[in-house]
Amino acid sequence: MRLVNRQWVLRSHPHGWPEPGNWELVRTEAPSPGPGQVLLRALYLSVDPYMRGRISGRATYAPPVPLGGVMVGAAVAEVVQSDDPGFAAGDVVEHAGFGWQEYAVSDGRALRKVDPSLGPVSTALGVLGMNGLTAYFGLLDVCHPRPGETVVVSGAAGATGSIAGQIARIAGCRVVGIAGSARKVAWLTGDLGFDAAVDYKAAGDLRAALAKHCPDGIDCYFDNVGGPVTDAVLSLLALRARIAVCGQIALYNEADFAPVGPRELRYLIAKRARAEGFLVFDYGDRYGEGLARLSRWVRVGDLNYQETVYEGIDNVPQALIDMMGGENVGKMVVRVGD
Ligand SMILES: NC(=O)c1ccc[n+]([C@@H]2O[C@H](COP(=O)([O-])OP(=O)(O)OC[C@H]3O[C@@H](n4cnc5c(N)ncnc54)[C@H](OP(=O)(O)O)[C@@H]3O)[C@@H](O)[C@H]2O)c1
């Protein structure tokens, strides 16, 4: 029996915010696995901010998705059929290059087995996957937090920020989150153990609101968003502060690139601060270390997480758009199979 594979292909480049019409859902025949390959069926598809760069038509740190090409993206999938002795039908795996589709073939080297005893398998896309690893290496290796220091995290209620803030708490720091709603702020301080959190949309004078929670200045800043939020943070840095530039989502949907430049770098001079961009992929040879520690923290209850789950392959583009608009708490994923 031939399997039908529904795939989202890119039809046009967005100008500003994407719309679902930038993609088309097409039906094709599922691929057949060749020698040494496995056939995979998607259970959860990931939506991530980096995807905005891939549909821009311009090369970022990776090539863009061509028009007519299947949209990129990671998935958690079930092995349907295997010609690789390392994998058996029924195994659950994570595949960073799966794409927005229902079926894909792969060789085993691209796959990571998922341990369902650690929690819902979807966590392999979030806290026990790319977001957890980004938070782990960005906070510990770029920010180098010390016990007692003040750590500020922007995008703090998102997939990466919520983990970065909790790792800072585990490291013995004072943690202040910045997020975009009262509900998110309550989650950060109530469930995740942040010392304080600020709703940047309701704060009015964000600098003043942050200054109240950071009386000795900000030693580490894990930046997921850039833009005006980061402008406010930079004016409050402590001496020899460290900034991990993880993402700049406030700028990704600007139609004609950023309306303003990094105006506030002058604050780095007086404070002898250091800002460093990083990509999680640079730490590929240490993923085992990161996943082992993240898994242990989840198992013993030190690391909490939440997921926002959309249903059905029809809703994948909308999930991406809603995530960038702040509709998610924690990691946004789309369930496409049982
Ligand atoms: N360097 C790396 O290797 C790497 C790896 C993964 C992710 N990243 C980056 O990390 C950041 C977070 O990614 P994620 O996957 O964890 O997404 P996420 O935080 O789960 O979701 C994105 C969040 O960004 C916030 N946001 C959107 N527009 C904003 C704006 N103008 N100002 C402030 N906040 C805004 C929204 O929350 P609010 O409701 O709070 O506005 C939204 O929920 C992104 O910038 C991404 O590109 C980098």
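Structure: see above.
A quick note: this is a predicted structure, and the numbers were derived from the prediction, not measured.

Colleague: Looking at this model, I keep getting lost on the sheet that holds strand 8 (residues 150-154). Mind explaining?
Modeller: The pairing of strands in a sheet comes from backbone hydrogen bonds and takes either a parallel or an antiparallel form. Taken in spatial order, the 6 strands make up an open sheet running 10-9-8-11-12-13, and their pairing is parallel. Where the open sheet ends on each side, the last strands, each with one partner, are strand 10 (196-199) and strand 13 (274-277). Averaged over all adjacent pairs, the angle separating strand axes in this sheet is 15°, with direction ignored. Across 3 bridges, the pairing between strand 8 and strand 11 (residues 218-223) is parallel. Within the sheet, the bridge partner assigned to Val153 lies in strand 11 and is Phe222. The sheet contacts of helix 4 (residues 182-190) involve strand 9 (174-179) and strand 10, and relative to strand 10 the element is tilted by about 170°.

Colleague: Just to check I follow, could you spell out the packing of aromatic side chains for this structure?
Modeller: Aromatic ring pairs are defined here through the distance separating the ring centres and the angle between the ring planes. All told, the structure shown has 6 aromatic pairs when counted by the stated rule. Aromatic pair Trp23 and Trp100: ring centres 5.2 Å apart, planes at 40°, arrangement tilted. Here the residue Trp23 occupies a position in strand 2 (residues 23-29), and Trp100 occupies one in the loop between strand 5 (92-95) and strand 6 (103-107), the gap between them amounting to 77 residues. The pair formed by Trp23 and Trp100 is uniform in burial state, with each residue classed as buried. Considering the side-chain rings of Tyr136 and Trp297, the 6.2 Å spacing of their centres and the 50° angle between planes classify their relative orientation as tilted. Note that Tyr136 is positioned in helix 2 (residues 130-143) and Trp297 in helix 9 (residues 287-300), a separation of 161 residues in sequence. With respect to burial, Tyr136 and Trp297 carry one shared label: buried. By the ring-pair criterion, three or more aromatic residues cluster together here, those being Tyr136, Phe137, Tyr283 and Trp297. Over the aromatic face of Phe87 sits the side chain of Lys113, whose NZ or CZ is 5.3 Å from the ring centroid.

Colleague: Any chance you could explain the pattern of salt bridges here in plain terms?
Modeller: Any two side chains of opposite charge can pair, given that their charged atoms come close. Under the counting rule described, the total for this entry stands at 16 salt bridges. Note that Glu78 and Arg41 form a salt bridge whose closest N and O atoms lie 2.7 Å from each other. Note that Glu78 is positioned in strand 4 (residues 75-82) and Arg41 in strand 3 (residues 37-46), a separation of 37 residues in sequence. For Glu78, a relative accessible area of 23% translates into the label partly exposed. Salt bridges here are not isolated pairs; linked through shared partners, they connect Arg6, Glu102 and Asp314.

Quick notes on the rules
Residues numbered from 1 in each chain as written. Predicted model: local features only at pLDDT ≥ 70, side-chain atom pairs only at ≥ 80, totals over all residues. Heavy atoms only, no water. Pairing = 2+ DSSP bridges. Helix = DSSP H or I, 4+ residues; strand = E, 2+ residues; numbered from the N terminus. Axes fitted to C-alpha atoms, helices over the stretch in contact; angles between N-to-C directions. Contact = heavy atoms within 4.5 Å. Phe/Tyr/Trp six-rings, centres within 6.5 Å; stacked < 30°, edge-to-face > 60°. Buried < 20%, exposed > 50% of the residue type's maximum accessible area, 1.4 Å probe, protein only. Lys NZ or Arg CZ within 6 Å of the ring centre and 35° of its normal. Salt bridge = Lys/Arg side-chain N within 4 Å of Asp/Glu carboxyl O.

Purely spatial values, then, with no claim about function.
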